[in-house]
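If you want the building blocks of each chain, they are given just below.
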Amino acid sequence: MNKVIIEPFRIKSVEPIALNNRNDRLEILYKAFNNLFLINSDDVIIDLLTDSGTGAMSSQQWAGIMIGDESYAGSNSFRRFNKTIQEFFGFEYVIPTHQGRAAEKILFDVMCKEGDIVPSNSHFDTTRANIEFQKAIAIDLIPDDFKNTQFEHPFKGNIDLEKLESLLSANSAKIPLIIITVTNNTGGGQPVSMSNIREVSKISKKYKIPLYIDACRFAENAFFIKKREKAYRETSIVDIVKEMFSYADGCTMSAKKDGIANIGGFLCTNSKKLSMKKKDLLILTEGFPTYGGLAGRDLDAIAIGIKEAMDLDYLNYRITSTAYLGKKISEYGVPVLLPPGGHAIYIDASIFLPNIPKENFPGQALACSLYLEGGIRTSEIGSLMFGDNSPHELVRLAIPRRTYTQSHIDYVVEVIKYVYDNRSKIKGLEIVEQPKFLRHFSAKLKNI
Ligand code: F0G
């Protein structure tokens, strides 16, 4: 009985989707220079570009918006925000920021200098760019096996402990901090196990290097720990979350993910000295420390969203529905990164389009094709995003939280099948114009 896992919510307010046709989309794609970031959202049927800030807020969160306290200093919204984050994340100092990358910018400005090395399981693109902006080096340390998209492992987000230990033993003076990204977004939305976090913490203490967690998808990570790590089967999500963060010295967070808010983020630390320096910078770039670039109402929406993201029924629906998309398209032969991630499914474009070489961006070519054939917007995580050194050519189908229903996803499956059957017709791309940093956001491309 009751095998079907339903969306554990009712829809109170809807946002219409305009249905365009292939001819419309052909022109739209041409005008956007084959860059899906340059397309207007009205022209997208199903938007899987990101799960960031695109989730549907709950009625409780909207109620929180109404009670937001917009006082410049000492706002009650900050008090609620601070209390919630301290309770679940356990850090002493909580600094609100307008989104995750603002927390990263402050963290690396304060902690990094030229020539430093910052190891991680995998850095997200903004994290890497913020480290490189300090002229420091961002290093990804996942086990070699994990680079194979078809290799299955329950915790494919884990950092390689041997690689970490050997990097630290040779360079500890140059390493200002270690970062674990949960879940590992660029590595496929894959979880990091509790035992991996614990071991990294031991190593970080041995070398006296602070450990920070990039906490964007902390609740999804906790759910995977509960499901896949035997010792935690009976542990509540809240207790798993508390334990995960107990091993760290601080964290950065984009509340646009597991805060289920449309904007916001924060930076946490246990170090008073660092928190003072970070707050000085915060005032320069974000605002007074009790709002940090956000409105009071946003702080309330985040405080409520963080709790909702840890609800077990919600997480069960969330992780199962993402896996549903992965399972359906894999059954059809579409090569997806295995196992399915928490917030997204990643198609391996190098296997999907073996005839398009790296320099002609197979991931971007596939993403454009999904848009053309079905109005589905996805994102490339490959050579366009990371340059020649990208280990993969992936197309990410990121699922916004509580936003699409199963029939939307069935439509996505149908479009992907069609594109897969017609894959021999897809052509590569080349860049005609690009900016210096984070080129995938604004580069212009043409068909070859
Ligand atoms: N860290 C990770 C792991 C992320 O996935 C993101 C954002 C950030 C940091 C930066 O947070 O956007 O609030 O400044 N990821 C989004 C994505 C953009 O589509 O995966 P932000």
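Above: the structure in question.
Moving on, we come to the overall build of the protein. Looking only at helices and strands, the protein features 16 helices and 14 strands. By its C-alpha atoms, the protein is 60 × 55 × 50 Å across when sized along the principal axes. Buried residues in the protein amount to 58% of all 448 residues. Here the analysis covers contacts within the protein between residues at least 6 apart in sequence; of these, 72% occur between residues at least 24 apart. Working note: accessible area of the protein is about 19300 Å², and carbon and sulfur atoms make up 52% of it. Of the side chains in the protein, 55 bear a positive and 53 a negative charge, and the two mean positions are spaced by 2 Å.

The next point concerns unusual backbone geometry. A cis amide bond links valine 182 with the next residue in sequence, threonine 183, at an omega value of -20°. Considering the arrangement of structural elements, one finds threonine 183 in the loop between β5 (178-181) and α7 (194-206). Cis geometry marks the peptide bond from leucine 338 to proline 339, where omega comes out at -15°. Tracing the backbone shows proline 339 in the loop between α12 (312-331) and β9 (344-348). A positive phi angle, near 50°, is found at phenylalanine 33, a position not held by glycine. For phenylalanine 33, the location among the structural elements is in the loop between α1 (22-31) and β1 (46-47).

Okay, the pairing of strand β4 (residues 137-140) next. Working note: regular strand, side chains alternate between the two faces of the sheet. Where strand β3 (residues 117-120) and β4 come together, four bridges link them in parallel fashion. Note that in β4 the partner of proline 119 across the bridge is isoleucine 139. On the question of chirality, the crossover connecting β3 to the parallel β4 by way of helix α5 (residues 125-133) is right-handed.

By size, the foremost hydrophobic cluster in this structure holds 59 residues, and its most contacted members are Phe89, Phe218, Met244, Phe245, Cys251, Phe266 and Ile306. When residues of this core are assigned to their parent elements, the largest contribution, six residues, is made by helix α8 (residues 218-228). In this structure, this core is formed jointly by two domains, domain 1 (22-51 + 311-447) and domain 2 (59-309), each of which donates at least three residues. Setting aside anything within four residues of it in sequence, one finds phenylalanine 89 in contact with Ala215, Phe218, Phe245, Cys251, Phe266 and Ile306. Counting residues in hydrophobic clusters, the runner-up holds 45 residues, among them Val334, Ile399, Ile409 and Val412.

Our focus in this paragraph is empty space enclosed by the protein. Counted by the stated rule, this structure contains one cavity of 30 Å³ or more. Its volume calculated, the largest cavity comes out at about 70 Å³. Along its surface, the largest cavity is lined by Asn35, Leu36, Phe37, Gln364, Thr378, Ser379, Glu380, Leu384, Met385 and His440. Only β11 (379-381) and α15 (383-386) provide two or more residues apiece to the lining of the largest cavity.

What follows concerns the environment of proline 119. Relative to the helices and strands, proline 119 resides in strand β3. For proline 119, a relative accessible area of 0% puts it in the buried group. For proline 119 and aspartate 214, which are 95 residues apart along the polypeptide, the C-alpha to C-alpha distance reads 12 Å. The residues touching proline 119, leaving out its near neighbours within four places in the chain, are Ile139, Leu141, Leu164, Leu167, Leu168, Ile175, Leu177, Ile178 and Ile179.

Here we come to the layout of surface pockets. Taken as a whole, the largest pocket encloses approximately 1400 Å³ of empty space. Along the wall of the largest pocket there are 38 residues; nearest its centre are Ser13, Glu15, Ala56, Arg402 and Thr403. In terms of residue class, the lining of the largest pocket is built from 17 nonpolar, twelve polar and nine charged. Taken together, domain 1 (22-51 + 311-447) and domain 2 (59-309) each give at least three residues to the lining of the largest pocket, which thus spans both. In this model, the second largest pocket occupies a volume close to 720 Å³.

Take isoleucine 329: it is sitting in helix α12. A sequence separation of 84 residues divides isoleucine 329 from valine 413, and the C-alpha atoms of the two residues are 6.2 Å apart. When sequence neighbours within four positions are dropped, the list of residues in contact with isoleucine 329 reads Val334, Val336, Ile345, Ile347, Val413 and Ile416.

What follows is about the packing of helix α3 (residues 76-89) against helix α9 (residues 237-246). Between two packed helices, the angle of one axis relative to the other and the distance separating the axes together describe the packing. In the contact formed by α3 and α9, the axes pass within 7 Å of each other and the chain directions differ by 85°. One way to sum up the angle between α3 and α9 is to call them roughly perpendicular. Taking contact as the criterion, the partners of Glu87, Phe88 and Phe89 in α3 are, on α9, Val238, Val241, Lys242 and Phe245. Looking at side-chain class alone, the contact of α3 with α9 contains five nonpolar, no polar and two charged residues.

Once that is clear, we can look at helix α4 (residues 100-111). A rise of 1.5 Å per residue sets the reference length of α4, with its twelve residues, at 16 Å; its end C-alpha atoms lie 16 Å apart and thus fit the reference within 8%. Of all twelve residues in α4, nine are buried, a share of seventy percent or more. Looking at α4, one finds that the buried residues are Gly100, Ala102, Ala103, Glu104, Ile106, Leu107, Phe108, Val110 and Met111.

Rules of the game
Residues numbered from 1 in each chain as written. Predicted model: local features only at pLDDT ≥ 70, side-chain atom pairs only at ≥ 80, totals over all residues. Heavy atoms only, no water. Helix = DSSP H or I, 4+ residues; strand = E, 2+ residues; numbered from the N terminus. Buried < 20%, exposed > 50% of the residue type's maximum accessible area, 1.4 Å probe, protein only. Contact = heavy atoms within 4.5 Å. Areas by Shrake-Rupley, 256 points an atom, 1.4 Å probe, with all protein chains shown as cover. Lys, Arg positive; Asp, Glu negative; His and termini not counted. Charge placed at Lys NZ, Arg CZ, Asp CG, Glu CD. Pairing = 2+ DSSP bridges. Right-handed = clockwise from strand over helix to strand, strands pointing away. Core = buried A, V, L, I, M, F, W, Y, C linked by side-chain atoms within 4.5 Å. Domains from an automatic or database assignment. 1 Å grid on protein atoms, 1.4 Å probe; cavity = no way out; pocket = protein on both sides within 12 Å on 5 of 7 lines; lining within 4 Å. Points joined across faces, edges and corners; volume = space filled by probe spheres on them. Nonpolar A, V, L, I, M, F, W, Y, C, P; charged D, E, K, R; others polar. Axes fitted to C-alpha atoms, helices over the stretch in contact; angles between N-to-C directions. Parallel < 35°, antiparallel > 145°, perpendicular 65-115°, else oblique. Expected span 1.5 Å × (residues − 1).

Any functional reading would require information beyond the geometric quantities listed.
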